[in-house]
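Given next are the chains, with one letter for each unit.
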Amino acid sequence: MRSVLKATAVSLATIVALAAPASAELTGNLKINLDTSNPAPRATMEALIAKFQAANPALNITTNVIDREAYKTQIRNFLSADAPDVLTWYAANRMKPYVEAGLLEDVSDMWADGTDIAKELASTKGALTVDGKQWGVPYTYYQWGIYYRKDIYQELGLSEPSNFDDMLSNCEAMIASGRKCYTIGNKWLWTGAGWFDYLNLRTNGFNFHMQMAAGEIEWTDPRVRETFANWGKLIRMGAFIDDNQNKDWQQSLPFMIDGSAGAILMGNFAVSPLREGGLTDDQLDFHQFPAITAGVAMAEDAPTDTFHIAANAKNKDNARAFLAYIVSADAQTEMNNGANLGQLPVNSKASVDDDKFLNKGFEMLSSNSPGGVAQFFDRDFPAEMAQAAMEGFQEFMIYPDNLDDILDRIEGVRKEVY
């Protein structure tokens, strides 16, 4: 979808202070491609862009909002043929192929020692670095974990699980009550990857998981099989909703809203639609994915979403000004509050909104993730490797007895990719 955003009734006196890293009003054009197509992220981004527009009324801003899944298949084409000035994307390995193809702009100057970005966004510099240079800026990150129906747990006399045995025991009680333990929509594959991430991080640890991402571990390794054995316990007991391979993640939420499933493993972006579906914060709660192997330090998925400048951009000075705005403490506080993205700001001077789930996520990531923080499976693993593995995860959730064939196929791809 294409829209040209113009300032209307916004107070420039308020906005200029928020939106003006630039020393003078900007002129010319700025073309922005967004993958924030879900309602809350779209509204949040359009409001922030409108504020930037208000501070720079002579600037002509064109915003293209593209469906999130379609965006993933279109990004290489539009970076090559019809490049925007600014675009949303993801850190780490999801960014790397476009860096290596020469499609993203080096913005290391924005990260130079002594700059506000270098001081206030230092925690994510590594995730934006390839070959010693920085290729974008972060605007949000968020926790993953188990969101669950607290009222159903209370009805069944269940507590938050402290280990995998507790998790399995809770699941047995949930199934006995006529419910599924977990809802999941695995049509887009990445939801299953979240389950692999957590089961592998808890079974084998962060360093092992990152060795897999680097291609150093065979998928037929007995330690990888142990991860799948743990996953298989849940699958074979009927923990997941039926036909999940034909549902996307949004289509899986009604099962939790109507109480036919007790929980979901998801990022914090699920909170807003669950609330919109009618769940109150008294009904909805969150807990960290429980420990599996004794002695394995707790590690978490906390994906970082990013903005970049296209290498073929026509308006790079305007693009740099927009990036400086979007990482400012005020902008990150606003966009990530509970009424907007409902996520965590990256800027160390930004404020975390007083929201139940943001507070739980911030506490978990800041004080109870000693094992490390991963970006997420399809961001940590190269794209071709991630695709083949995620297809295998989807098959495993339907046909767990196919594990040997699945792992052999994934291993074949590993040998080709690395």
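This part takes up the environment of methionine 167. Looking at the secondary structure, you find methionine 167 in helix H7 (residues 164-176). Linking methionine 167 and alanine 291, residues 124 residues apart in sequence, is a C-alpha distance of 9.6 Å. Apart from residues no more than four positions distant in its own chain, methionine 167 is found in contact with Pro161, Tyr182, Trp195, Phe289 and Pro290.

A separate point is the sheet that holds strand E9 (residues 180-182). Taking strand neighbours across the sheet as the criterion, the four strands line up as E9-E10-E8-E11 in an open arrangement whose pairing is mixed. Strands at the two margins of the open sheet, each flanked by one partner only, are E9 and strand E11 (284-287). Ignoring strand direction, the axes of neighbouring strands in this sheet form an average angle of 25°. Across two bridges, E9 lies against strand E10 (residues 261-267) in parallel orientation. Its bridge partner lying in E10, lysine 180 is registered against alanine 261.

Time to look at helix H18 (residues 403-417). Here H18 spans 21 Å end to end across 15 residues, near enough to the 21 Å set by a 1.5 Å rise per residue. Buried within H18 are the following residues: Leu403, Ile406, Leu407, Ile410, Glu411, Val413 and Arg414. Angularly, the buried residues of H18 cover 160° about the axis, an arc narrow enough to put them on a single face. For H18, the exposed residues set more than 90 degrees away from the buried face come down to Lys415 and Glu416. Those residues of H18 that are buried are in contact with helix H10 (222-236) and helix H17 (383-398).

On to the side chain of asparagine 347. By the secondary structure assignment, asparagine 347 is in the loop between helix H14 (329-336) and helix H15 (356-367). Within polar-contact distance, the side chain of asparagine 347 engages the side chain of glutamate 120 at 2.9 Å.

Let us look at the nonpolar core. With 126 residues, the main nonpolar core has Trp195, Trp219, Trp231, Phe307 and Phe322 as its most contacted residues. A per-element tally of this core places H17 first, with eight residues.

Let us look at the confidence of the model for the protein chain. For the protein chain, mean pLDDT is 92; residues scoring 70 or higher make up 94% of the total. Counting interchain partners and residues more than four positions distant, the pLDDT-below-50 stretch residues 1-23 has 48 contacts.

Of all seven residues in strand E2 (residues 28-34), five are buried; the element is thus mostly enclosed. Relative to strand E3 (residues 59-65), E2 runs parallel, the two sharing seven bridges. Paired with asparagine 33 across the bridge in E3 is asparagine 64. With respect to chirality, the unit in which E2 leads through helix H2 (residues 39-55) into the neighbouring parallel E3 is right-handed. Of the strand pairs in this sheet, E2 and strand E4 (residues 86-90) are connected by two bridges, and their pairing is parallel.

Turning to the side chain of asparagine 56, a few remarks are in order. Among the secondary structure elements, asparagine 56 is positioned in the loop between H2 and E3. On the basis of relative accessibility, which here comes to 5%, the residue asparagine 56 falls in the buried class. What asparagine 56 contacts, discounting residues up to four positions off in sequence, is Ala24, Glu25 and Leu26.

This brings us to H17. For H17, which comprises 16 residues, the first-to-last C-alpha distance of 23 Å matches the rise-based estimate of 22 Å (1.5 Å per residue) to within 8%. Within H17, burial applies to Met385, Ala386, Ala388, Ala389, Met390, Gly392, Phe393, Phe396 and Met397.

A word on the packing of aromatic side chains. All chains considered together, the criterion is met by 37 aromatic pairs. Relative to phenylalanine 377, the ring of phenylalanine 196 lies with its centre 5.7 Å away and its plane at 80°, an arrangement referred to as edge-to-face. Placement of phenylalanine 196 in helix H8 (residues 190-204) and of phenylalanine 377 in helix H16 (residues 377-380) is noted, with a sequence separation of 181 residues between them. Each member of the pair phenylalanine 196 and phenylalanine 377 is classed as buried. Members of the aromatic cluster, joined through ring pairs, are Phe196, Trp219, Phe228, Trp231, Phe377, Phe381, Phe393 and Phe396. Stacked on the ring of tryptophan 188, the Lys or Arg lysine 187 has its end atom at 5.4 Å from the ring centre.

On inspection of all chains with the given rule, the structure shows 29 salt bridges. Arginine 275 is paired through a salt bridge with aspartate 355; the nearest N and O atoms lie 2.9 Å apart. Residue arginine 275 is located in helix H12 (residues 271-276), and its partner aspartate 355 is located in the loop between H14 and H15; the two are separated by 80 residues in the primary sequence. A relative accessible area of 26% means that arginine 275 is categorised as partly exposed. On the accessibility criterion, aspartate 355 (10% relative accessible area) is buried.

So, how was this worked out
Residues numbered from 1 in each chain as written. Predicted model: local features only at pLDDT ≥ 70, side-chain atom pairs only at ≥ 80, totals over all residues. Heavy atoms only, no water. Helix = DSSP H or I, 4+ residues; strand = E, 2+ residues; numbered from the N terminus. Contact = heavy atoms within 4.5 Å. Pairing = 2+ DSSP bridges. Axes fitted to C-alpha atoms, helices over the stretch in contact; angles between N-to-C directions. Expected span 1.5 Å × (residues − 1). Buried < 20%, exposed > 50% of the residue type's maximum accessible area, 1.4 Å probe, protein only. Arc of directions from axis to C-beta. Polar contact = N/O pair within 3.5 Å; in protein donor to acceptor, adjacent residues only side chain to side chain. Core = buried A, V, L, I, M, F, W, Y, C linked by side-chain atoms within 4.5 Å. pLDDT = per-residue confidence, 0-100. Right-handed = clockwise from strand over helix to strand, strands pointing away. Phe/Tyr/Trp six-rings, centres within 6.5 Å; stacked < 30°, edge-to-face > 60°. Lys NZ or Arg CZ within 6 Å of the ring centre and 35° of its normal. Salt bridge = Lys/Arg side-chain N within 4 Å of Asp/Glu carboxyl O.

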